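Commentary on secondary and tertiary structure
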Amino acid sequence: MNLVHIVHISNASLGRLLDRFQSSFALGARWYVSWQFLKSGYLKITSWDSTLYLFQNEYHTPVLPPHIAAVTGTFGELFFPSLLVLGFASRFGALGLFAVNAMAVISYRQVLLADGFEAALAQHVLWGTLIAFLAVYGPGKLSLDHLLRGKHATPPLAVVTATRGG
């Protein structure tokens, strides 16, 4: 047995062991990133006057007027993480939350991109990375999406096309 074969066999064995933790890891990632945004949304909605002040004076939201940006931002911080916590419409929730995270960075760029605030920006990068992984790989087996997939299975696109004579 050569070294390449030994490394390959060892890596495959390790992969089989680690595969058992994928759903738990996805659940932890969903809950961790959701908690960050739910806390922020809760703070905004319970201190609405402060939220409006921040959107009028601190956050520089492109396109939307401050009041509408405050409402949509708060909604996004409460709605999309709720989907991820439940594991329902998770990819939709992840993409929506990714947009909320990106808008937060864009709207507060004068602070997040300033010297001395690298850790704050790194938090948003971490959250964005976790959210992107959830959008691409899905919520895992510990989710309503997985449970519903078995009950309401949709045939793959190739099967639908073949049955229609396409």
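**Here we look at the pattern of salt bridges**
Under the counting rule described, the total for this entry stands at one salt bridge. The residue Glu 77 makes a salt bridge to Lys 44 at a minimum N-O spacing of 3.0 Å. Residue Glu 77 is found in helix α4 (residues 66-86), and its partner Lys 44 is found in helix α2 (residues 22-46); the two are separated by 33 residues along the sequence. The exposure classification of Glu 77 matches that of Lys 44, with both residues buried.

**Observations regarding the packing of α2 against helix α3 (residues 48-57)**
Following both chains from N to C, one finds α2 and α3 inclined at 105°, their axes separated by 5 Å at the closest point. The angle between α2 and α3 falls in the class roughly perpendicular. Here Leu 43, Lys 44, Ile 45 and Thr 46 of α2 come into contact with α3, specifically with Trp 48, Thr 51 and Phe 55. Taken together, the residues of the contact of α2 with α3 break down into four nonpolar, two polar and one charged.

**Considerations on the side chain of His 124**
Relative to the assigned elements, His 124 resides in helix α7 (residues 118-137). Within the structure, the side chain of His 124 is placed 2.6 Å from the side chain of Asn 101, a separation counted as a polar contact. Residues contacting His 124, with those up to four places away along its chain left out, are Asn 101, Ala 104, Val 105 and Leu 112.

**Some remarks on a nonpolar patch on the surface**
A cluster of nonpolar side chains, contributed by Trp 31, Val 85, Leu 86, Phe 88, Leu 144, Leu 147 and Leu 148, occupies part of the molecular surface with about 610 Å² of accessible area. Of the residues forming the nonpolar patch, the biggest block, three residues, is contributed by helix α8 (residues 144-151). If you trace the backbone, Leu 148 turns up in helix α8.

**Considering the nonpolar core**
The biggest cluster of nonpolar side chains holds 15 residues, and the ones touching the most others in it are Val 33, Phe 37, Ala 94, Leu 97, Ile 131 and Leu 134. Of all the elements, α7 adds the most residues to this core, at five residues. Residues contacting Phe 37, with those up to four places away along its chain left out, are Glu 77, Pro 81, Leu 97, Val 100, Asn 101, Trp 127 and Ile 131. The next biggest cluster of nonpolar side chains, apart from the first, holds five residues, and it includes Leu 52, Phe 55, Tyr 59 and Ala 69.

**Remarks on the environment of Tyr 108**
On the secondary structure map, Tyr 108 appears in the loop between α5 (90-107) and α6 (109-112). Separated by 48 residues in sequence, Tyr 108 and His 60 place their C-alpha atoms 6.4 Å apart. Residues contacting Tyr 108, with those up to four places away along its chain left out, are Glu 58 and Tyr 59.

**Re the side chain of Gln 36**
Locating Gln 36 in the fold gives a position in helix α2. A distance of 3.3 Å separates the side chain of Gln 36 from the backbone oxygen of Tyr 32, its partner in a polar contact.

Calculation rules
- Residues numbered from 1 in each chain as written.
- Predicted model: local features only at pLDDT ≥ 70, side-chain atom pairs only at ≥ 80, totals over all residues.
- Heavy atoms only, no water.
- Salt bridge = Lys/Arg side-chain N within 4 Å of Asp/Glu carboxyl O.
- Helix = DSSP H or I, 4+ residues; strand = E, 2+ residues; numbered from the N terminus.
- Buried < 20%, exposed > 50% of the residue type's maximum accessible area, 1.4 Å probe, protein only.
- Axes fitted to C-alpha atoms, helices over the stretch in contact; angles between N-to-C directions.
- Parallel < 35°, antiparallel > 145°, perpendicular 65-115°, else oblique.
- Contact = heavy atoms within 4.5 Å.
- Nonpolar A, V, L, I, M, F, W, Y, C, P; charged D, E, K, R; others polar.
- Polar contact = N/O pair within 3.5 Å; in protein donor to acceptor, adjacent residues only side chain to side chain.
- Patch = residues over 30% accessible without salt bridge, like charges linked within 9 Å, V, L, I, M, F, W, Y side chains within 5 Å.
- Areas by Shrake-Rupley, 256 points an atom, 1.4 Å probe, with all protein chains shown as cover.
- Core = buried A, V, L, I, M, F, W, Y, C linked by side-chain atoms within 4.5 Å.

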